[in-house]
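Listed here are the chains, written in short residue letters.
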Amino acid sequence: LPAHLKGSDFGPSLKSYILYQYHHCHVSQPLLLEQFVEFGIRITSGQLSRIITHGHKHFHQEKESLLSESLQEAPYLQTEDTGARHKGQNGYCTFIGNHLFSYFQSTGSKSRINFLEVLSVNPSYLFNEDALAYGQAQGLTAKNIEIIASLQGQVFEDKLALEKELMSLQVAKYAIKTIIEAGLLAALIEKGLSPQMVILSDDAGQFNILEHALCWVHVERNLQKTHTYNLSQREGLDKVLDLFWQLYQHLKAYKESPNQPLKTQCERLFDSICD
């Protein structure tokens with residue numbers, strides 16, 4: 001037999017057709033099986049299921065390498081998570097991407113630790129100056145900052161081992177969470193993630209790291225929350241919202257056709273709104 005048929009009853013053309021029909025065209029397994037019976041292909045439902053679900057390690061490796069490479073090259077990252085049930089259990093699907101790529105990962109929780117672990121692909125926990133700076137920025141007590149300092153230069157490959165170490169040092173539960181986040185972020189930066197990476201999100205707290213930014217709609221939502229108590233204030237807020245969307249349209253026009261007069265107009269409009 002040819003090498004590509006050893007250990008298999010079916011060749012790569014049929015396998016790729018099955019994967020394309022199932023994953024891309026959303027054809028169900030029963031319909032695929034019915035189709036193959038009509039084609040005269042002798043395949044059982046078990047064999048069909050195995051082709052769909054087994055032997056795809058190289059696809060997962062390609063997916064993980066996509067994210068790792070993108071973190072070092074991307075100018076910004078957009079992210080979002082949403083609830084997703086799997087095998088009767090509530091879980092979450094996290095999206096990470098930009099105009100160049102899209103990456104999805106299903107996990108059992110949504111938290112900043114989860115987000116950093118998804119970004120890491122293969123999480124590790126490093127303690128250095130970046131970890132120390134994160135702990136200080138998060139408002140950890142002097143005692144907990146000293147603990148991070150005492151771990152300087154250490155790398156933990158296992159979260160349970162790190163948690164065990166922190167518990168032995170009598171670190172409070174709330175601080176353990178922040179210290180784990182610090183280790184994850186420091187390891188990501190060590191692997192090539194820029195400390196100036198822009199994280200674009202919907203204002204969910206778990207994504208508020210590095211250079212955090214909001215999409216246009218979520219910025220406007222915060223403006224909409226401004227309390228007004230009389231007609232004059234209401235008219236003032238309406239004027240700001242009108243200018244806000246004018247700027248958005250000008251920026252879109254500049255993206256389509258960059259020119260100096262439009263750039264100057266955008267800058268002036270931005271200054272007038274923010275001032």
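Parameters at a glance
- Residues numbered from 1 in each chain as written.
- Predicted model: local features only at pLDDT ≥ 70, side-chain atom pairs only at ≥ 80, totals over all residues.
- Heavy atoms only, no water.
- Helix = DSSP H or I, 4+ residues; strand = E, 2+ residues; numbered from the N terminus.
- Buried < 20%, exposed > 50% of the residue type's maximum accessible area, 1.4 Å probe, protein only.
- 1 Å grid on protein atoms, 1.4 Å probe; cavity = no way out; pocket = protein on both sides within 12 Å on 5 of 7 lines; lining within 4 Å.
- Points joined across faces, edges and corners; volume = space filled by probe spheres on them.
- Contact = heavy atoms within 4.5 Å.
- Salt bridge = Lys/Arg side-chain N within 4 Å of Asp/Glu carboxyl O.

> Could you give an account of unusual backbone geometry, naming the residues involved and the relevant values?
Although it is not a glycine, Q170 sits at a positive phi angle of roughly 60°. Within the element layout of this structure, Q170 appears in the loop between helix 8 (159-168) and helix 9 (173-190). Taking the relative accessible area as the measure of exposure, Q170 reaches 64% and is therefore exposed.

> Requested: an account of the layout of surface pockets, with residues and values cited.
Space inside the largest pocket adds up to approximately 480 Å³. Lining the largest pocket are Y76, H99, V198, L200, A213, L214, C215, W216, Y248, L251, K252 and K255. The greatest single-element share of the lining of the largest pocket, amounting to 4 residues, is contributed by helix 11 (residues 231-256). Computed from the structure, the second largest pocket encloses a volume of approximately 300 Å³. Taken together, L19, Y20, H23, H24, I52, T53, H56, F59, H60 and K63 make up the full set of residues lining the second largest pocket. Listed by contribution, the elements that provide at least two residues to the lining of the second largest pocket are helix 1 (12-24), helix 3 (45-53) and helix 4 (57-73). Per-element tally for the lining of the second largest pocket: the top contributor is helix 1, with 4 residues.

> An account of the environment of L19 is needed here, citing residue identities and associated values.
Here L19 lies in helix 1. Note on L19: relative accessible area 17%, which makes it buried. With near-sequence residues (within four places) excluded, L19 lies in contact with H24, I51, I52, H56 and F59.

> If you had to explain the pattern of salt bridges to someone new, which residues and values would you point to?
The full count for this structure, using the stated rule, is 3 salt bridges. For E117, the salt bridge is made with K159, and the minimal N-O distance between the two is 3.0 Å. Of this pair, E117 sits in helix 5 (residues 112-120) while K159 sits in helix 8, and the two are 42 residues apart along the sequence. Of the charged contacts in the structure, one is a salt bridge between E181 and K177, with a shortest N-O distance of 2.8 Å. Residue E181 and its partner K177 are located together in helix 9, separated by 4 residues, close to a single helical turn.

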